[in-house]
Amino acid sequence: MNGLGNQIIVADLRGTTARVTPEAAIAINARPETRFDQIMAIHDPKTPDTANYIEIINSDGSRAQACGNGMRCVVQALSAEQGRQRFTFETVAGILFGEEADTGLITVDMGTPKFAWYDIPLNEEFADTRQVELQIGPIDAPVLHSPSVASMGNPHATFWVKDDVWSYALDRFGPLLENHPLFPERANISIAQVLTPDRIILRTWERGAGLTEACGTAACAALVNGARTRRTARKATVTVPGGDLVVEWLPDDHVTLTGPAEFEWRGRLDPATGAWTRSEAA
Ligand SMILES: N[C@@H](CCC[C@H](N)C(=O)O)C(=O)O
């Protein structure tokens, strides 16, 4: 599936005890036909009468706590399977809700943002995370030294720029910033330009996946960081390379993310050989 071009494998592991190992994720990603940004593994509920447990695996094999575009894909897949529109999930970051509207657009409630330095987490104490200073050596763009940081379940740094987000070599400094010592669990790195208070342009270098067409949690982080630095309103359209997402920071502190999800093809993986059989195409 894809969520605005964010390449997602929704892996149905219900009824099994199978786990996606880091080695398996790396091997699946190495095949051109199954290259992905994240695997969203659907597991049985952890305890009876609770929600399906969703595990998120990046293409480098690492685990992520949250993935907004992937959650929309999971909602769409389950809605097509079960003919209902509202779902509750359990993730390592907590309970999440998702709903498919009659328009086909999917909204996920991504929970509440966290701004304390130890929640993001950062390796250094900052009283105010609306702007933190990074020492990164000779990177040519001074704006890339002072991001706003936040956790949407996963760690994000939003670098604010006044000019075109495409004029920055995110492929070059993304890996440096992702692995900066300030971020003990690494971080998702975004460049954001605010066009109007309700319109943000965003590019993201994702932790564990690199440059992607869309990152839902980065869009949420940009909106909450924008609102708390008075750059944006509490609701905005966030334009990412793959298209538009709508993010809203609600009065109850929850953040919702709305956008499309697309089915591409379905298949079966033979765990013994690693070979895929396609059984259904869009
Ligand atoms: N594509 C995602 C984010 C996936 C996880 C991220 N790379 C991380 O490691 O935190 C999204 O849509 O939110």
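Since the model is a prediction, treat every value here as computed from it, not as a measurement.

A. Region of the structure containing the environment of Ile-201. Mapped onto the fold, Ile-201 is located in strand E12 (residues 199-206). Along the backbone, Ile-201 and Pro-22 are 179 residues apart, and their C-alpha atoms lie at a distance of 32 Å. Every residue in contact with Ile-201, bar those within four places of it in the chain, is listed here: Val-165, Gln-193, Leu-195 and Thr-239.

B. Up close: the site of the ligand. As a matter of local geometry, the ligand sits amid 19 residues, with Ala-64, Asn-69, Asn-154, Gly-216 and Thr-217 nearest to it. Those elements giving two or more residues to the shell around the ligand turn out to be helix H2 (68-82) and helix H4 (216-228). In terms of residues, the shell around the ligand owes the most to one element, H2, which gives three residues. Residues belonging to the shell around the ligand are distributed by class as follows: four nonpolar, 12 polar and three charged. Each of domain 1 (2-110 + 261-273) and domain 2 (142-259) gives at least three residues to the shell around the ligand.

C. Examining the pairing of strand E14 (residues 235-240) more closely. With three bridges connecting them, E12 and E14 associate as parallel partners. Bridge pairing links Arg-199 to Thr-237 in E14. One ladder, built from six bridges, connects E14 with strand E15 (residues 243-249); its direction is antiparallel. Looking at the pairing, Thr-239 lines up with Asp-244 of E15. The loop that links E14 with its antiparallel partner E15 comprises two residues.

D. Region of interest: the UniProt feature "binding site: substrate" (unreviewed entry) in the protein. The UniProt entry lists Asn-6, Gln-38, Asn-58, Gly-68, Asn-69, Asn-154, Asn-188, Glu-206, Arg-207, Gly-216 and Thr-217 under the feature "binding site: substrate" (unreviewed entry), expressed in the numbering used here. Within the secondary structure layout, Asn-6 lies in strand E2 (residues 6-12). By C-beta crowding, Asn-6 is classed as buried, having 29 other C-beta atoms within 10 Å. Once you skip the residues sitting within four places of it in the chain, Asn-6 turns out to touch Asp-37, Asn-69, Thr-212, Glu-213, Ala-214, Cys-215 and Gly-242. With respect to the helices, strands and loops of the structure, Glu-206 is situated in strand E12. For Glu-206, the contacting residues outside a window of four places in its chain are Asp-37, Asn-188, Thr-212 and Cys-215.

E. Summary view of helix H3 (residues 170-178). When we look at burial in H3, the residues that qualify are Leu-170, Phe-173, Gly-174, Leu-177 and Glu-178. On an axial view of H3, the arc spanned by its buried residues comes to 140 degrees, and they lie on one face. Taken together, the buried residues of H3 touch strand E10 (155-160), strand E11 (188-196), E12 and strand E13 (210-211).

F. The arrangement of the domain arrangement of the protein in detail. Segmentation of the protein into domains returns domain 1 (2-110 + 261-273) and domain 2 (142-259). Counting residues at the interface gives 24 residues for domain 1 and 26 residues for domain 2. Going through the elements one at a time, H2 and strand E8 (106-109) are the ones with two or more residues in the side of domain 1 that touches domain 2. With four residues, E8 is the largest single contributor of residues to the side of domain 1 that touches domain 2. Here the side of domain 1 that touches domain 2 is composed, by residue class, of nine nonpolar, 11 polar and four charged.

G. Focus on the confidence of the model for the protein. When pLDDT is averaged across the protein, the result is 94; 98% of the residues are at 70 or more. If you check the scores for this complex, the pTM reads 0.96 and the ipTM reads 0.97.

Conventions and cut-offs
Residues numbered from 1 in each chain as written. Predicted model: local features only at pLDDT ≥ 70, side-chain atom pairs only at ≥ 80, totals over all residues. Helix = DSSP H or I, 4+ residues; strand = E, 2+ residues; numbered from the N terminus. Contact = placed C-beta atoms within 7 Å. Near = placed C-beta within 6 Å. Nonpolar A, V, L, I, M, F, W, Y, C, P; charged D, E, K, R; others polar. Domains from an automatic or database assignment. Pairing = 2+ DSSP bridges. UniProt positions renumbered as here; feature names shortened; annotations may be inferred. Buried ≥ 20, exposed ≤ 12 C-beta atoms within 10 Å, placed from the backbone. Arc of directions from axis to C-beta. pLDDT = per-residue confidence, 0-100.

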